[in-house]
Amino acid sequence: MSALLIAATNYAARGWPVFPLHGLRPSPNADGRLVCTCGNPDCRSPGKHAAPIAPNGPRDATTSLSRIAKWWAKGAVWNVAIRTGRSSGLYVVDVPAGVDAPDGLPQTLAAVTGTGGHHLFYGYPAGRWPNTSNRLADGVLTRGEGGYLIVAPSMHHSGRPYAWVDHSTDVADLPAAILDRLQPAKEAAAPVVDTSDFLAAVEGDDFDAIGANRIGQSRVLDRRVKFIKAVGIVLGGPAVPA
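Overview of the structure.

Procedures and definitions
Residues numbered from 1 in each chain as written. Predicted model: local features only at pLDDT ≥ 70, side-chain atom pairs only at ≥ 80, totals over all residues. Heavy atoms only, no water. Helix = DSSP H or I, 4+ residues; strand = E, 2+ residues; numbered from the N terminus. Buried < 20%, exposed > 50% of the residue type's maximum accessible area, 1.4 Å probe, protein only. Contact = heavy atoms within 4.5 Å. Phe/Tyr/Trp six-rings, centres within 6.5 Å; stacked < 30°, edge-to-face > 60°. Pairing = 2+ DSSP bridges. Arc of directions from axis to C-beta.

1. Comments concerning the side chain of Thr113
Item 1. Positionally, Thr113 belongs in the loop between strand 6 (109-112) and strand 7 (118-123).
Item 2. Its relative accessible area of 8% is what places Thr113 among the buried residues.
Item 3. Other than its neighbours up to four places away in sequence, Thr113 contacts His118, His119, Pro161 and Tyr162.

What follows is the structure, given as C-alpha cells:
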C-alpha cells in the first residue's frame, strides 16, 4: 500500500472527504524538473488540478474506503486533496511563505506547504463560510465551502512535499473576532432624498389643463426629467440619457 493511499484512507477515517489531483513525474527532458501528469508541459497548476478519474474535483470527494482504494490503486501517484467546508468540518487559513500569520489566530493543526507556507486547520463555523482572499491580511487566503487544499504526503512541483507540523495537534475553533474580519464589508446605505417639495411643485402643474399649449407641456416635462436625473445621480443610479 502506497503512502498516498494510506494517507487518503486515514483522512477519510477522520471524516474528511478526499479526492485525487494530478500528480507529478520527472520531466522527460531529464532536466531535473517535475511536470504534471496531465501531459501538458506548460501546465499552470502542476499537481494541483483534478485527476481524470475524479473530474469534478471537490464535488467527487468521498470518505468511501473502497472508492479511495480504487483511486490510488497500483501505485497511482495522484496527489491527495481534502474538501473544505461543511462536509469535512474544516475551515483552513492559507498563509503563504514570507507572510506572518494574522494576529488573533489560536494554535491549531498545521501543515507546511511545498513553498514553505502554512495551512492552518480550524473547525468549520456555524453558517456558510466561503473562500476568501486578503480579508485577514494581504496575501492570506481561506478555504471554506466549495474549496479544497492539497495535503501530505502530496508533492509540490518544487520537489518539496507537503507535511504536517504535528499531526497529533487538535483542530481549534476560530474566535469571534476572526470571524468578524472574515465577513464581507457592509455596503453603505443609500442616501434618503426628500422629494416631497419638488414633487408637489411638479404635480402642481396642471398638465392636462395646459392642453394644446405644447410650449407649456415641454416646460413641465423638462422639469420632471431634470428631477429624475438628479435623483438618479444622488442614488448612484445609471445616467439618464438627455
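2. Observations concerning the packing of aromatic side chains
Item 1. Considering all chains together, one arrives at seven aromatic pairs under this definition.
Item 2. Centre to centre, the rings of Tyr11 and Trp164 are 6.1 Å apart; their planes meet at 65°, and the pair counts as edge-to-face. You can see Tyr11 sitting in helix 1 (residues 3-13) and its partner Trp164 sitting in strand 11 (residues 163-164), a full 153 residues away along the chain.
Item 3. Between Trp16 and Phe121, the aromatic rings sit 6.2 Å apart at their centres with planes inclined by 20°, giving stacked as the arrangement. You can see Trp16 sitting in the loop between helix 1 and strand 1 (18-21) and its partner Phe121 sitting in strand 7, a full 105 residues away along the chain.
Item 4. Take Phe121: its relative accessible area is 0%, and that puts it in the buried class.
Item 5. Here the aromatic cluster, defined as three or more aromatic residues joined through ring pairs, consists of Tyr11, Trp16, Phe121 and Trp164.

3. Comments concerning the sheet that holds strand 7
Item 1. Taken in spatial order, the six strands line up as 8-9-5-7-6-11 in an open sheet, and their pairing is antiparallel. Sheet topology places strand 8 (132-133) and strand 11 at the edges, where each strand pairs with a single neighbour.
Item 2. Judged from the three bridges that link them, strand 5 (residues 90-95) and strand 9 (residues 141-143) form a sheet pairing that is antiparallel. The residue bridging Val92 from the neighbouring strand is Arg143, located in strand 9.

4. Points about helix 1
Item 1. Where helix 1 is concerned, the buried positions are Leu4, Leu5, Ala7, Ala8, Tyr11 and Ala12. Buried residues along helix 1 cover an arc of 165° about the axis, so they all sit on one side. Turned more than 90 degrees away from the buried face of helix 1 sit Ala3 and Ala13, all of them exposed.
Item 2. Check the buried side of helix 1 and you find it contacts strand 1, helix 2 (65-71), strand 4 (79-83), strand 10 (148-151) and strand 11.
Item 3. Of the residues one or two after helix 1, Gly15 is the one with positive phi, at around 90°.

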